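# Fold and geometry: a report
Chain by chain, the residues:
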Amino acid sequence: MSNLANKKKIVIDPITRIEGHLRAEVEVDDNGIVQEAWVSGQLFRGIETILKGRDPRDAGLMAGRICGVCTNSHFRGAITCVEDAYSIEIPKNADIIRDLMAMALFIQDHVVHFYHLHSLDFADVTSALKADAKTATKEAPKYTKNPYRNSVAHYENVLAKLTKFVESGKLGPFANAYWGHCEYRLSPEQNLIIISHYLDALKFQTEISKAVAIFGGKTPHPQSLVVGGVTSVADMLNPQRLNDYLFIMKEAKEFVERAYLADMKLISKVYRGEIKAGIGRANGNFMCVGGYEFEGERRLFCNGVVYGHDFANIEEFDPSKVTEEVDRAWYDENDEICYTDLNEDGTLKTEKNDDKYSWIKAPRYDGKTVETGPLARVLVSYHKGNDLIKSFVDEFLKDTDLDVMDLSTTVGRNAARAIESLYICEYIFKLVSRLIQNIKYYDTDTWAKYDFEKLPKSTKGAAFLEVPRGVLVHLVEVDDAKIKNYSVMAPTTWNATPKNLDGLRGAYEEALIGISVADREKPLEVLRIIHSFDPCLACAVHIIDTKGKELSRYKIKTI
């Protein structure tokens, strides 16, 4: 990571431990308080261009390559929007199998995000080396009744591994961090507990990937999703395959309960002051499209839009209010790349209201910037009285002595992911039970038959899905049975939007305003906030038609 600090700006480029390339510039006053922020996507992507002229049934195979992490999400988004274009209703079993893959991905993504991409913003490895293993075994039960691998032998083994890393000089993922920074607040033993789970999560992510692969054929880039349903009928009908999936998810649930959620309670208590101060809070605009059928009309996530934390007035999501701008992204009026170089001092060109400074597009909902993701889902669903979620949120808040509003912070954003992971674990087992019941009563359909030659030659479709990082939108326009236009708005596109001519900050930039940076050469506070959103720049940057302000009007189809 290279930092460039001049008289007014702190520049972090690249921001590491994320997917893709992201740059952040913050302008601070003499007291180190952030007055303005610019977050810039530095990776150009043109997947939609590749899709033009292709058979729409092949969209998933290529859209799934948008990202190496969100492969299943983009694959499903592409397949779903093509099905919407042709009004193809898929069998219930296919929907369940798609959900089982998606739910496993949610848990994998959340656990990997916290431990391997974000936990080192809170846990200091050098402090952990000073920990006493026996004391750590007494600390862990403060956050859960049955701590994960809580033994003196385990912690001593972790300490030996960490010591070996340091002595070898090959720190790997623990290199180039701001160890010893004044913003690290955990005790040596608390650091050791979280670092031990960091190492445990390496095996965890390998195992849970197998759950996705059981129905996806492989992961990343599953191959079982097709327009009309899924191809993994043999896996669905094999009791051993279903049992393998259930076993993996049972193990995952234990880790989420005994390690992940417990660690979030630990961090929430230690960083209580920052939480109550609202550190990392954006503008309070949240958007969810809802989805994942549970029983009849019930959904795992509720849809809704909130402005300024006004949860007493939650609007229903309306896809016709979605627009997209590129006035401050690196494109011109002819849809061509219009990259502007940096200033001589290495900073972005941001002095003028129309200076371009990002490859990321500027989506707006009803003209406003919104935050999407686990925090938005939890807050909207909770305030709409979703009984599938409410008890999990209430229990976490009770155990940490926090209020619902406290979740709208950097630490709270992480807590929302952990809470979401736990109730998804509960949902998964009931979903498998529904699948088994269908099979028991001889419902084994996994694909809706259609004749492509008889389908409309010109049509358009849309998919609005909730995926691990937030709201994912896939839009397709078909002409003469070929893809004419394709557009993607990923969760990071919403959260990392540039200001555009309206001057509105996106969630990343808004969350940085007003924070205090203790050491301009080590801006840990900036990294901590940005990482809390789980940026994915590979997903965020694409080519679009820059001439249309309103994308179009679509019939919404949520999962």
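Below is a summary of the structure that appears in this document. (Residues numbered from 1 in each chain as written. Predicted model: local features only at pLDDT ≥ 70, side-chain atom pairs only at ≥ 80, totals over all residues. Heavy atoms only, no water.)

### A short note on the overall build of the protein
When you go through the protein residue by residue, the secondary structure sums to 18 helices and 13 strands. Its C-alpha atoms give the protein a radius of gyration of 23 Å, within 12% of the compact-globule value 24 Å for 559 residues. Overall, the protein is about 70 × 60 × 50 Å in size when its C-alpha atoms are taken along their principal axes. Out of the 559 residues in the protein, the part that is buried amounts to 60%. Expressed as a percentage of contacts within the protein between residues at least 6 apart in sequence, the contacts between residues at least 24 apart total 76%. Counting only carbon and sulfur atoms, one obtains 49% of the accessible surface of the protein, whose full area is about 21,300 Å². (Helix = DSSP H or I, 4+ residues; strand = E, 2+ residues; numbered from the N terminus. Rg over C-alpha atoms; globule rule 2.2 N^0.38 Å. Buried < 20%, exposed > 50% of the residue type's maximum accessible area, 1.4 Å probe, protein only. Contact = heavy atoms within 4.5 Å. Areas by Shrake-Rupley, 256 points an atom, 1.4 Å probe, with all protein chains shown as cover.)

### Concerning the packing of helix 13 (residues 390-400) against helix 14 (residues 410-440)
Running from amino to carboxyl end, helix 13 crosses helix 14 at an angle of 135°, the nearest separation of the two axes being 10 Å. With respect to helix 14, the element helix 13 is oriented oblique. Remark: the crossing between helix 13 and helix 14 carries right-handed chirality. Here Phe392, Val393 and Phe396 of helix 13 come into contact with helix 14, specifically with Ala415, Ile419, Leu422, Tyr423 and Glu426. For the contact of helix 13 with helix 14, the per-class residue count stands at seven nonpolar, no polar and one charged. (Axes fitted to C-alpha atoms, helices over the stretch in contact; angles between N-to-C directions. Parallel < 35°, antiparallel > 145°, perpendicular 65-115°, else oblique. Left-handed = near helix turned anticlockwise from the far one by under 90°. Nonpolar A, V, L, I, M, F, W, Y, C, P; charged D, E, K, R; others polar.)

### Regarding the packing of aromatic side chains
Overall, the coordinates contain 26 aromatic pairs when judged by the stated rule. Feature note: the residues Phe114, Tyr115, Tyr148, Phe204, Phe255 and Tyr260 constitute an aromatic cluster, connected by ring pairs. We note Lys9 situated over the ring of Trp38; from NZ or CZ to the ring centre the distance is 4.3 Å. Across the ring face of Phe533, the terminal group of Arg413 is positioned such that the distance to the ring centre comes to 3.9 Å. (Phe/Tyr/Trp six-rings, centres within 6.5 Å; stacked < 30°, edge-to-face > 60°. Lys NZ or Arg CZ within 6 Å of the ring centre and 35° of its normal.)

### What to know about the environment of Val34
Relative to the helices and strands, Val34 is located in strand 4 (residues 34-41). Counting along the chain gives 80 residues from Val34 to Phe114, while the straight-line C-alpha distance between them is 25 Å. Here Val34 is in contact with Val26, Glu27, Val28, Leu512, Ile513, Gly514, Ile515 and Val517, once residues within four sequence places are set aside.

Geometric descriptors of this kind do not, in isolation, establish any biological role.
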